[in-house]
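Architecture and fold: a report
One-letter residues, chain by chain:
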Amino acid sequence: MENSLLTQSTSGSLNSTSKFLAWMLVLCAVNQIFIFTPNLPQMVYYAVMIGLNILLITTNIGKPISISVGMWIFWLVMWLSILFNYDTLPAIFQAEERTIAFCGVMLALGPWLLCKQLIELRLYIWKALNKCLFVMIMFSFLGRIGGFLPSDNNGYYLGCFAHSMILAPLAALVCLNCLHESVHGDKLMQKRIMGFCAVVALAVLLFASSRTSLVAVMIAVFTYLTYQIAGKGNVIIKNIIFFGIVLCIISFIAGGMLDGIMNKQKDGFDMEQTLQSREDLWNARFTEIEKSPIFGIGSHSVSAEFIESDGRIEPGNAWLFAFSSMGIFSFLALLGLVGISFMQLRSDIKERKRSDSVLLISQVVFWAVYMNGEAHITAAGDFTYLYFWLVIGISLGIYRYLEPQSVNNELAVPETETAK
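Residues numbered from 1 in each chain as written. Predicted model: local features only at pLDDT ≥ 70, side-chain atom pairs only at ≥ 80, totals over all residues. Heavy atoms only, no water.

Focus: the packing of helix 3 (residues 69–84) against helix 13 (residues 328–352)
The contact between helix 3 and helix 13 brings their axes to 9 Å, and the two run at 155 degrees. The angle between helix 3 and helix 13 places the two elements in the roughly antiparallel class. Viewed along their axes, helix 3 and helix 13 form a crossing whose handedness is left-handed. Across from Gly70, Met71, Ile73, Phe74 and Val77 in helix 3, the residues of helix 13 making contact are Phe329, Ser330, Ala333, Leu334 and Leu337. Tallied by class, the residues present in the contact of helix 3 with helix 13 amount to eight nonpolar, two polar and no charged. (Axes fitted to C-alpha atoms, helices over the stretch in contact; angles between N-to-C directions. Helix = DSSP H or I, 4+ residues; strand = E, 2+ residues; numbered from the N terminus. Parallel < 35°, antiparallel > 145°, perpendicular 65-115°, else oblique. Left-handed = near helix turned anticlockwise from the far one by under 90°. Contact = heavy atoms within 4.5 Å. Nonpolar A, V, L, I, M, F, W, Y, C, P; charged D, E, K, R; others polar.)

Comments concerning a nonpolar patch on the surface
A grouping of Ile35, Phe36, Phe139, Leu142 and Phe148 is seen on the molecular surface, where their side chains present a nonpolar patch of about 470 Å² in accessible area. Residue classification places Phe148 among the partly exposed positions, given a relative accessible area of 48%. (Patch = residues over 30% accessible without salt bridge, like charges linked within 9 Å, V, L, I, M, F, W, Y side chains within 5 Å. Areas by Shrake-Rupley, 256 points an atom, 1.4 Å probe, with all protein chains shown as cover. Salt bridge = Lys/Arg side-chain N within 4 Å of Asp/Glu carboxyl O. Buried < 20%, exposed > 50% of the residue type's maximum accessible area, 1.4 Å probe, protein only.)

Let's talk about the packing of aromatic side chains
Within this structure, the stated rule accounts for 22 aromatic pairs. An angle of 80 degrees between the planes, with centres 6.2 Å apart, marks the rings of Tyr157 and Phe207 as edge-to-face. Remark: Phe207 occurs in helix 7 (residues 188–208) and Tyr157 occurs in the loop between helix 5 (116–146) and helix 6 (164–184); sequence separation between them is 50 residues. When its relative accessible area of 1% is taken as the criterion, Tyr157 is described as buried. Phe207 sits in the buried class, given a relative accessible area of 4%. Judged by centre distance (6.1 Å) and plane angle (75 degrees), the rings of Trp367 and Phe388 are edge-to-face. (Phe/Tyr/Trp six-rings, centres within 6.5 Å; stacked < 30°, edge-to-face > 60°.)

Observations concerning the nonpolar core
Among the nonpolar cores identified, the biggest contains 116 residues, and Phe102, Ile125, Leu334, Phe366 and Trp389 are the most heavily contacted of them. With near-sequence residues (within four places) excluded, Trp389 lies in contact with Met71, Phe74, Phe102, Met106, Leu109, Gly110, Pro111, Leu334, Leu337 and Ile377. In terms of nonpolar packing, the next biggest core, distinct from the first, is built from seven residues, Ile82, Leu89, Phe93 and Ile313 among them. (Core = buried A, V, L, I, M, F, W, Y, C linked by side-chain atoms within 4.5 Å.)

Comments concerning the packing of helix 1 (residues 16–31) against helix 2 (residues 42–59)
In the contact formed by helix 1 and helix 2, the axes pass within 10 Å of each other and the chain directions differ by 155 degrees. Between helix 1 and helix 2, the crossing angle belongs to the class labelled roughly antiparallel. Seen from above, helix 1 lies across helix 2 with left-handed handedness. Between helix 1, through Ser18, Leu21, Ala22, Met24, Leu25, Cys28 and Ala29, and helix 2, the contact on the second element is made entirely by Tyr45, Val48, Met49, Leu52, Asn53, Leu55, Leu56 and Thr59. Classifying every residue of the contact of helix 1 with helix 2 by side-chain character gives 12 nonpolar, three polar and no charged.

Okay, structure coming up:
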């Protein structure tokens, strides 16, 4: 199994300095979501991440090189939105600082520049992040079984993460990663172990009680299976049966796996109230779009009634937020970035049969769905922002700049054959 996601890393031409800096960046990002380590103050975190990104850019730049026009348009429109709304944009949003941080914190990770060395660097960081998340999700599962990790005040499981709404999407990503490993395992036992871990990650997602993450991962898994083992219905059926049995066993041992989600349908979280709350957020975004459809109401901002006391905001939909805060050109640029990423990966799968592109395309689909309910993709201090733009930064360049041997290049084979 070449370049297995959790056992090896794609390093290509990366030198030891680049690998060290990459791991520093990964550990800095993971530290901000790990409940047992002190978080860096936001400005310190920004400074460290921007510094590491600059060092990684300068040590991994190469030719031929190109830019993502859509990415630069997206950032330019952020500034135009600030200028257009300069007199009315509340200072509490710190729009200029957030726009600078948006670029700097993922300068090397996002699709600003595209070349072979940077794509290899992003793959290395992606796989390093996936390894850390795998360990954290498995530890969170043990914490739930053993009862030694906390839940929040509403009873939603936190695991070893700072918030259940961070735990849920990352558990979904680990589920996809482990599914990928279970398909490409060298031996049957390895396949079963990683299949078990995929179900464990799904169980952790259910403990975190995020319906948006659950729907998004279900669609992403369907996408993965469609591209990865299309035409092998027996393999899909066997995996579904295996996963179902393991999930039932976990539910029996851990108990209360669906309690959080079920609680959201009653008491203070009944369906009508939940939908009304989400509908209120969406209606607010539509009102803001009607008010200023070209440049939005101001980058990183929402209507005054939706501002938290500390300046935090809850947009309710990342797609609509891009439109309402920055205008139609921002929305189109974001739509183009996600759409082109999908098409590039699809071409890579079709022409080169690169299996890591199947995992990437399922993650792109996951984020595209998840962004309808959550995801702070313009908030440089949020982990979902970092992971989302890293995936886009890889997806936009992998087909053009990496030869098939640079990453795992083997789609699933029937069970009667030997996995290479």
